[in-house]
Amino acid sequence: MACVLALIPGSARADNPIVQNIYTADPAPMVHNGRVYLYTGHDEDGSTYFTMREWRVYSSADMVNWTDHGSPMNLATFAWADANAWAGQVVARNGKFYWYVPVRQRSNGQMVIGVGVADSPTGPFRDALGRPLVGNNEIDPHTFIDDDGQAYLYWGNPGLWYVKLNADMISYSGSATRIPLTTAGFGTRSGNASRPTLYEEGPWVFKRNGLYYNVFAAECCSEFIAYSTATGPTGPWTYRGTIMPRQGASFTNHAGVIDFQGGSYFFYHNGALPGGSGYTRSVAVEKFSYNSNGMFPTITMTSTGAPQVGTLNPYVRQEAETIAWGSGIETEASSEGGMNVGWIENGDYIKVKGVAFGAGATSFSARVASATSGGRIEVRLDSASGPTVGTCTVGGTGGWQTWSTTTCAVSGATGTHDLYLRFAGGSGNLFNINWWQFTGGGSTNLITNGDVENGTTGWGVHGSGTLARNTTAAHGGSGSLSITGRTGAWNGPSQDVTTRLTNGKSYTTNVWVRAQSGTPSAKATLSLTANGTTSYLQLTPAVGVNVNGWTLLTGTTTVSWSGTLSSAAFYVETAEGTDSLLVDDVSFE
């Protein structure tokens, strides 16, 4: 599919669909710890039915640059299922993440609802029950947790059902209840006596300003998106009309609605990519504002997509699979963790939107691997044929997962631009790329050896614990910093930054953390001692971390003090507990 996309002229000017290298469907967004996590299905290439075998995860902090986290759950997760990895949804509770999905039960051929559970929003997910949670041969589960803590699981096509989930999220009280599909509640359908209302499938229930909304796919085929409202989570519902009219090259549609960073966003799918259809769909997003009475406006599909929230910082390590638009590329699991971009051929490129270079970048580095003779990375601005501000040579490394870092000088990258990494070389696959990072920008990382590539140089311990370099798990590069033997929550890896701080200046912190045990909440903190008084400044929100993957702690804080600063220490701690941690790619600038 990627080689097809490479032939589409001008497609890089758009940001919809969100994913370009595979077909994705049935978006289910979730906001967690300052990021949007987007859970989708995966339509197989060339499908002539809903041929779907796995689910995928993407995430973004700015609504335009999306990180590909791969497939943390598939049909094989459920030993009792044999087909139809269809539309699901994820909800966070109890420090875990629950993915409710419809699948076909092998023993009877019926569609049922299974539950995957994970310790991280990006998985991996495992079967929470070893059997279906509930089932009546209907589909499209969605979970909503009300303000009183009661969770509801909705699903249905042709009916609309719910159960009240227990606090464990993998059992329920009572039996499945059918919501009456009245024309007053769900609109009137003509010419189909067995389905008198517009409700078709895909309920998405949420609460806003005391009002409950039920957004759903209406009247196949082709479907449009409609909605109803109620004063309670189970109705009675009042039909409110159309949100997204029938449009796009797919005869189905499927909605998800969230609020993020002060804006409201509407996710859907269409058939906008080359080869797109009702069986090869693509997820997209629009930003919208509710009407003054709380009702939805009419939302139209666009190729522009949502505007960017803020900018992207090129002076911290960025995953290569964080992409606004990709042409010709694919992604795969990386031996260094996470995903990497691969199957790169001459002329392929990656667009990263809204990159804030500031006063100017001076160099560009990328983590690369090649089983052939490599090629070149052309660092361009604003288009794939835009000004070249740097060119990095990539040589053969001896394998597609044998990684090396290449660095080249950069000149002319100032201000905020869209970044294009254009790949050039001979014929066939050239190289893979795992991550990239610029230096310069008029800011300096106050942390010595933040990428931990020089052992424990520059690092000490705040409180008690033992530091070591871990070479089996790294966010980037070949190692990370391990802290074990902590005896207090405030213990952690530390650096003295006393002479590096400027009073009244704002600093941005980025730290990648992974638990070695448990699921602690980690945060970065700055201790300041001035005129004999010590104060503590929290640099990042406390975020839950786990053993299955890396979590970014990030925040921007103004650092100030009164009097004479005698000591200042940057350190990573936990909100409570003494679990061992791994830390990597630390910046404080």
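Residues numbered from 1 in each chain as written. Predicted model: local features only at pLDDT ≥ 70, side-chain atom pairs only at ≥ 80, totals over all residues. Heavy atoms only, no water.

Caption draft 1: Structural view of the overall build of the protein chain. Helix and strand counts for the protein chain stand at two helices and 44 strands. Considering only C-alpha atoms, the protein chain reaches an extent of 75 × 60 × 50 Å along its principal axes. A burial count over the protein chain gives 58% of its 589 residues as buried. Partitioning the intrachain contacts of the protein chain with sequence separation of at least 6 by distance along the chain shows that 63% fall at a separation of at least 24. In the form shown here, the protein chain has an accessible surface area of approximately 21,000 Å², with 47% of it arising from carbon and sulfur atoms. Charged side chains of the protein chain number 33 positive and 42 negative; the gap between the two group centres comes to 3 Å. (Helix = DSSP H or I, 4+ residues; strand = E, 2+ residues; numbered from the N terminus. Buried < 20%, exposed > 50% of the residue type's maximum accessible area, 1.4 Å probe, protein only. Contact = heavy atoms within 4.5 Å. Areas by Shrake-Rupley, 256 points an atom, 1.4 Å probe, with all protein chains shown as cover. Lys, Arg positive; Asp, Glu negative; His and termini not counted. Charge placed at Lys NZ, Arg CZ, Asp CG, Glu CD.)

Caption draft 2: Highlighting the nonpolar core. Core analysis: the biggest nonpolar cluster contains 46 residues, and Tyr-39, Trp-99, Val-215, Val-257, Phe-266 and Phe-296 have the highest contact counts within it. If one sorts the elements of this core by residue count, strand 8 (residues 96-105) sits on top with four residues. Core analysis: the next-biggest nonpolar cluster, separate from the first, contains 32 residues, Ala-366, Val-394, Ala-413 and Leu-421 among them. (Core = buried A, V, L, I, M, F, W, Y, C linked by side-chain atoms within 4.5 Å.)

Caption draft 3: View of empty space enclosed by the protein. Under the counting rule described, the total for this entry stands at two cavities of 30 Å³ or more. There is about 100 Å³ of room inside the largest cavity. Along the walls of the largest cavity sit Ile-18, Val-19, Gln-20, Asn-21, Tyr-58, Trp-66, Asp-68, Glu-321, Ile-323, Gly-326, Ile-329 and Thr-331, which together make up its complete lining. For the lining of the largest cavity, the class distribution of residues is six nonpolar, four polar and two charged. Within this model, the second largest cavity holds a volume of roughly 50 Å³. The wall of the second largest cavity is formed by Pro-27, Ala-28, Gly-88, Gln-89, Asp-140, Pro-141, His-142, Gly-202, Pro-203, Trp-204 and His-254. Among the elements of the structure, strand 1 (23-32) and strand 15 (199-208) are those that each provide at least two residues to the lining of the second largest cavity. (1 Å grid on protein atoms, 1.4 Å probe; cavity = no way out; pocket = protein on both sides within 12 Å on 5 of 7 lines; lining within 4 Å. Points joined across faces, edges and corners; volume = space filled by probe spheres on them. Nonpolar A, V, L, I, M, F, W, Y, C, P; charged D, E, K, R; others polar.)

Caption draft 4: Molecular detail of the packing of aromatic side chains. Tallied over the full model, the rule gives 38 aromatic pairs. Ring centres of Trp-55 and Phe-78 lie 6.3 Å apart, and the angle between their planes is 90°; on these two criteria the pair is classed as edge-to-face. Of this pair, Trp-55 sits in strand 3 (residues 52-60) while Phe-78 sits in the loop between strand 5 (73-74) and strand 6 (81-83), and the two are 23 residues apart along the sequence. On the basis of relative accessibility, which here comes to 0%, the residue Phe-78 falls in the buried class. The interplanar angle of 50° and the centroid separation of 5.7 Å between the aromatic rings of Tyr-349 and Tyr-420 together place this pair among those described as tilted. (Phe/Tyr/Trp six-rings, centres within 6.5 Å; stacked < 30°, edge-to-face > 60°.)

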